[in-house]
Amino acid sequence: MAGDLARRVPETGRGDEFDRLAQSLNAMLSQNEKLFVGMREVAENLAHDLRSPLGRVRQRLERQLSDSLSADEKTALAMEALDETDRMLATFNAILSIAQADSGAPRRSFEPVDLRILLQDVADLYEPLAEEAGARLRLALPGRPVVARGNRDMLFQACANLLDNAIKYGIASAGPAPHPAIDLDLDAAGERARFAVRDRGAGLHGEALERARERFYRADASRTGGGSGLGLALVDAVARLHDGELTLAAAGPGLRATVQLPLDKSAPAQETAGGAGEEPAGAAGAEHG
Ligand SMILES: Nc1ncnc2c1ncn2[C@@H]1O[C@H](COP(=O)(O)OP(=O)(O)OP(=O)(O)O)[C@@H](O)[C@H]1O
Ligand SMILES: [Mg+2]
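Residues numbered from 1 in each chain as written. Chains lettered and ligands numbered in written order. Predicted model: local features only at pLDDT ≥ 70, side-chain atom pairs only at ≥ 80, totals over all residues. Heavy atoms only, no water.

Visitor: Even after reading the chapter, I still don't get the sheet that holds strand E7 (residues 255–262), so can you show me in this structure?
Guide: Across the sheet, five strands lie side by side as E2-E4-E5-E7-E6; this open sheet has mixed pairing. In this open sheet, the two edge strands, each paired with only one partner strand, are strand E2 (136–140) and strand E6 (245–250). Each strand of the sheet is rotated relative to its neighbour by a mean of 15°, with strand direction disregarded. Note that E6 and E7 share six bridges and pair antiparallel. Bridging across to E7, Leu 246 finds its partner in Val 259. Contacts from helix H3 (residues 115–132) reach E2, strand E4 (181–189), strand E5 (192–198) and E7 within the one sheet, and its direction differs from that of E2 by about 170°. Helix H6 (residues 231–241) contacts E6 and E7 of the sheet and is inclined by roughly 135° relative to E6. (Pairing = 2+ DSSP bridges. Helix = DSSP H or I, 4+ residues; strand = E, 2+ residues; numbered from the N terminus. Axes fitted to C-alpha atoms, helices over the stretch in contact; angles between N-to-C directions. Contact = heavy atoms within 4.5 Å.)

Visitor: Any chance you could explain unusual backbone geometry here in plain terms?
Guide: Cis geometry marks the peptide bond from Gly 252 to Pro 253; its omega dihedral reads 0°. Within the element layout of this structure, Pro 253 appears in the loop between E6 and E7. Even without a glycine there, the phi angle at Phe 216 is positive, about 75°. One can find Phe 216 in the loop between helix H5 (206–211) and H6. Unusually for a residue other than glycine, Asp 243 sits at a positive phi of about 55°. Structurally, Asp 243 can be placed in the loop between H6 and E6.

Keep in mind these values describe shape, not function.
As structure tokens, this is what we get:
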């Protein structure tokens, strides 16, 4: 069966131990196939995505060697080459962060993280950026701590990626409102904490909504936007690392991206009121803007 990743052990349908063994083997083979195909896709996409910027860096370095350029022109070329390399580094960093989250290794250093403080910090960072882009960031936090066990930096990055998208894609195409709102909400229901970013842009629909979490996926309209298509893949990987989940839903107008995580049960006195699926209960906390 060497080389053919799609082949499987035949099952007899008798439901005996040979069948169960075949089923386990086939499940393992399917998992291997998925991982292998995923790795191949990442390698192909990386090569494809880095080829053009590397080519541009090379071109600029080559032009710099020309005698006919002024010092200012040379500086401008060097700055452009630096920008290109920064973007390439960001792509590599995102891929490495996704791989790190997928490996599960950060679980060893999980600690209690109060999501209220974390979201407040992310909002403080992004509020001026939203304002600059012509939007209003509204933050709704519950009155009591909402504690999950996790990796603070990765959860911060996940929330930051969602806000980055809301600012990049949720504003330009928004309706007539001069300052469309971006909402960042946190609440706890049952044993889960949940934070959500909702914008009022064009949102995602159909195949784009299905595929937005894939590594390197960019919906057509934003192909020129300069993103590497890794932001949501990282949010997804971080959510799974925390035994949580990222869901994307059309919010009419806009996109609602929700991350659910298990609450840290050992944490004292935190927000656990309300049943699953309820609207944010005590979400009348700090409001930005
Ligand atoms: N809030 C949103 N509204 C509309 N489209 C979105 C939104 N968020 C993401 N998308 C679409 O999903 C694609 C994937 O998003 P993702 O964050 O993974 O990558 P990116 O923003 O293109 O690049 P990166 O985050 O790596 O800089 C985007 O290219 C965009 O087309
Ligand atoms: Mg993004």
